[in-house]
Amino acid sequence: MNRRDFLKGLVGTSYVVLSGSSVLAPLNALAASGAKAGDGWLTTGSHFGAFKMKRKNGVIDQVIPFDRDKYPTDMINGVKGLVYNPSRVRYPMVRLDFLLKGHKSDTSQRGDFRFVRVTWDKALSLFKDSLDEVQTKYGPSGLHAGQTGWRATGQLHSSTSHMQRAVGMHGNFVKKVGDYSTGAGQTILPYILGSTEVYAQGTSWPLILENSKTIILWSNDPYKNLQVGWNAETHESYAYLAQLKDKVAKGEIRVISIDPVVTKTQQYLGCEQLYVNPQTDVALMLGIAHEMVAKNLHDTKFIEGYSLGFDRFLPYIQGETDGIEKTPEWAAEITGVSAEIIRDLAKVMTQSRTQMLMGWCIQRQQHGEQPYWMAAVLATMTGQIGLPGGGISYGHHYSSIGVPSSGAAAPGAFPRNLDEDQKPLFDSNDFKGTSSTIPVARWIDAILEPGKTIDSNGSKVTFPDIKMMVFSGNNPWNHHQDRNRMKQAFQKLECVVTIDMNWTATCRFSDIVLPACTTFERNDIDVYGSYANRGVLAMQKMVEPLYESLSDFEIFTRFARIMGKEKEYTRGMTEREWLNKLYTDCKNANAGKFDMPEFDEFWKQGYVHFGEGKPWTRHAAFREDPEINPLGTPSGLIEIFSRKIAQYQYDDCPGHPTWMEKSERSHGGPGSDKFPVWMQSCHPDKRLHSQMCESEQFRETYTVNGREPVYLNPDDAKKRGIKAGDVVRVFNNRGQLLAGAVVSNNFPKGVIRIHEGAWYGPVGEDGSKEGGAEIGALCSYGDPNTLTQDIGTSKLAQACSAYTCLVEFEKYQGKVPSVSSFSGPVEIAL
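An unreviewed UniProt entry annotates the chain as Trimethylamine-N-oxide reductase of Shewanella piezotolerans. Recorded under Subcellular location (unreviewed entry), the UniProt text for the chain is reproduced unchanged: "Periplasm". Per UniProt, the chain carries the Function (unreviewed entry) text "Reduces trimethylamine-N-oxide (TMAO) into trimethylamine; an anaerobic reaction coupled to energy-yielding reactions."

A word on the nonpolar core. Residues W218, I288, M358 and Y394 are the most contacted members of the largest nonpolar core, which totals 95 residues. Those residues in contact with M358 that sit more than four places away from it in its chain are W218, N220, M285, P371, Y372, A375, I392, S393, Y394, G395 and H397. In this structure, A123, V497, Y583 and F594 belong to the second largest nonpolar core, which totals 54 residues.

Right, let's get into the domain arrangement of the chain. As assigned here, the chain comprises domain 1 (93–171 + 424–609), domain 2 (183–402 + 636–648) and domain 3 (677–821). Its C-alpha centre places domain 1 at a distance of 28 Å from the equivalent point of domain 3. Counting residues at the interface gives 36 residues for domain 1, matched by 38 residues for domain 3. Taking both sides of the interface into account, the surface hidden between domain 1 and domain 3 amounts to around 2,700 Å²; carbon and sulfur atoms contribute 47%.

Turning our attention to unusual backbone geometry. Of note in the backbone geometry, H367 takes a positive phi value of approximately 60° without being a glycine. Along the chain, H367 turns up in the loop between β12 (354–358) and α18 (369–382). For H367, a relative accessible area of 6% puts it in the buried group. In this model, Q649 sits at a positive phi of 60°, which is unusual for a non-glycine residue. By the secondary structure assignment, Q649 is in the loop between α28 (643–648) and β24 (677–680). Residue Q649 is classed as exposed on the basis of its relative accessible area, which comes to 70%.

What follows concerns the side chain of S820. You can see S820 is positioned in the loop between β31 (806–811) and β32 (826–827). Given the relative accessible area of 4%, S820 is considered buried.

A word on the sheet that holds strand β2 (residues 49–56). Strand order across the open sheet formed by three strands is β1-β2-β3, with antiparallel pairing between neighbours. The open sheet has two edge strands with one neighbour each: β1 (40–46) and β3 (59–65). Ignoring strand direction, the axes of neighbouring strands in this sheet form an average angle of 35°. Where β1 lies against β2, seven bridges are found, and the strand directions are antiparallel. In the sheet register, W41 faces β2, and the bridge partner there is K54.

All right, on to the sheet that holds strand β5 (residues 114–117) then. Strand order in the open sheet formed by seven strands is β6-β17-β18-β19-β4-β5-β32, and the pairing between neighbours is mixed. For this open sheet the edge positions go to β6 (143–144) and β32, each flanked by a neighbour on one side alone. Judged from the four bridges that link them, strand β18 (residues 495–500) and strand β19 (residues 512–515) form a sheet pairing that is parallel. In the strand pairing of β19, D500 is matched with P515.

What follows concerns the packing of aromatic side chains. Considering all chains together, one arrives at 42 aromatic pairs under this definition. Residues Y306 and F622 carry aromatic rings whose centres are separated by 5.5 Å and whose planes lie at 75° to one another, so their mutual orientation is edge-to-face. Of this pair, Y306 sits in helix α14 (residues 300–306) while F622 sits in helix α27 (residues 620–624), placing them 316 residues apart in sequence. On the accessibility criterion, Y306 (17% relative accessible area) is buried. Summarising the aromatic geometry, the rings of W477 and F509 are spaced 4.0 Å apart at their centres and angled 5° between planes, so their arrangement reads as stacked. One end of the pair, W477, is in helix α20 (residues 476–479); the other, F509, is in the loop between α22 (505–508) and β19, with 32 residues separating them in the sequence.

How each quantity is defined
- Residues numbered from 1 in each chain as written.
- Predicted model: local features only at pLDDT ≥ 70, side-chain atom pairs only at ≥ 80, totals over all residues.
- Heavy atoms only, no water.
- UniProt positions renumbered as here; feature names shortened; annotations may be inferred.
- Core = buried A, V, L, I, M, F, W, Y, C linked by side-chain atoms within 4.5 Å.
- Buried < 20%, exposed > 50% of the residue type's maximum accessible area, 1.4 Å probe, protein only.
- Contact = heavy atoms within 4.5 Å.
- Domains from an automatic or database assignment.
- Buried area = accessible area lost by both parts, 1.4 Å probe.
- Helix = DSSP H or I, 4+ residues; strand = E, 2+ residues; numbered from the N terminus.
- Pairing = 2+ DSSP bridges.
- Axes fitted to C-alpha atoms, helices over the stretch in contact; angles between N-to-C directions.
- Phe/Tyr/Trp six-rings, centres within 6.5 Å; stacked < 30°, edge-to-face > 60°.

In structure tokens, the structure reads:
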């Protein structure tokens, strides 16, 4: 029996073994099979870094960091668990009632986790038949295939590219604009600084370390977040953070972390922490600005030469427009930061070279556009934008932004769109008077309220009547808000198709689920370092795809074959030929700069180095000559007051930065009488969003009682009779979850933290995983988006507001239900 046949036999008969508490059983079983698979060390990459892997008897045996990675993350210990885990989607599955009744199924059953195993041919035919039905009955407005996520690394097997190219060959569909990470920021900043900024290369770390006297980390935790990257991460930023730590210890650079909690970065650097009441950062910034003006600390020459609208903003600071002067005393009452400290901040920021490094979580709140806008105004008032080690950055915690880039040409990717001469089977652009593109976080609104028109970034958006959703490499049941509202919306859909590696909650609430293989079960190439662009990495297949999983290329090649468009889809090339093409195109683009070996030699050695980069200062050209190098704003200058935004006449996003109260705010704000605790749901420390939550043995290193940790202040915990290790029920009017208590002085009173990305695991009233489709079901593992509210940041961005969230918590009483997040479905035999 060959290894493939052995695997088929194993997965067909040993579901119970694989669904147990350990992955050691299947590993040992595979090793005992005697299968041969070309043992040896191979190179690959992932969001968590580049690795060397060794396989033995056909399975991954050892994982070690890439030799160029001097600061590997401990997530490397979870990599094997990405391949060998009980959550794997093993073969194509169809929801029971959908298989029986198709688009007329009982959608209230969606999420009950009852599925039937089918063949690949059957599943792909059902997929195409559903697309046919939706396009015939509703046209492109009935199909949304525009949701995208972090996908797996690799330039060829990009899940988004394959899904959207293949579905696009069938017909047009509704798409999205923006993303959940930076939705408010990337919308507001082009009006203010002329680009989205959040994904732009920032001033190089060497220049910051050489020139900055003060660094302000504003709601920013780079030491935690730089563990992962969009492409294979180099972790080079950690070398600069180590230098910064040394400079802090010597008193050469003052670092201030402005955050309600003590961050991992603050602990590592040994720097100062300045507590601020949650969601009140704009008020703090306004108090600083008032002090700058009152003491004539601001740079009037820079303001006059490089910005527009300060004269329209100044009356607001001074209280002439609304009768409220934004003094440090006014700000102190709202923020919990003393007037004395606010005055000191104004002095520090203007009298020495100051680099502001903004985090992303601060804009994931109601009116999330305002803190980013106001921070840009403060940086403008200091007069330091465009100076090395001064000004503002919105991305130094992401994918090693700030590491000098090699400047080399990177490899391209598999095409997402149709080729110029290609036409879809259903060639219609009739969206029935509705919008073909909607804000990324408003798709649940569209499903629930089709035909409704909303304001969005200066335009009107009319929601299409969505009947079908297609997801690939994307887990919206992680990143969207308000699970019960999502359940209501999903009951209105006729069909949901998901392509993924694991049984995420998105798969659970789908009708057709197709098993994709992991990054380590296919060949690919990747950029080594998204912004450092340090080289090109071979992603060599570690093991054959487990069970019946296939690569994205193979899945959608088969789908295109059903449509009669296989050659159009692949352009007549195999996987190997595509990899050769992508690499060779990169080689040719870099010809004359440096030599790259031929593809076969590259594949054998596993990596080609592009070289080091030169330090660079963001906005330096603009500062040197704003007329020759204008910003992309309407005026070409920094817009403190935006005429364009003012013309929209939005009550929740006026023409200049403004303090506006939230619908929910702790520490005496709205809603805190009933739910007094602010829940912070920031990016996790031990995974990438929801990726790696499935890695069972690694997950066990940080879970509490088998659940996601909830971090609590000692006084808050004691008041509720909770001690470390207890199972805690966290709840509000939107939902309820269970989590494991971690009691820590790093968290102030009235603030808790549950990392986003915890897998949603609903259970019925009897504790069974089959009951999770019910509205109000308890999340057994600890998904914070069970509790967050689904509202737009403002009429401008309409982005997610997950951080505007109040809760209460208590020690859980009664029998604790089992976690339902990580096992497969209830398989029904027909």
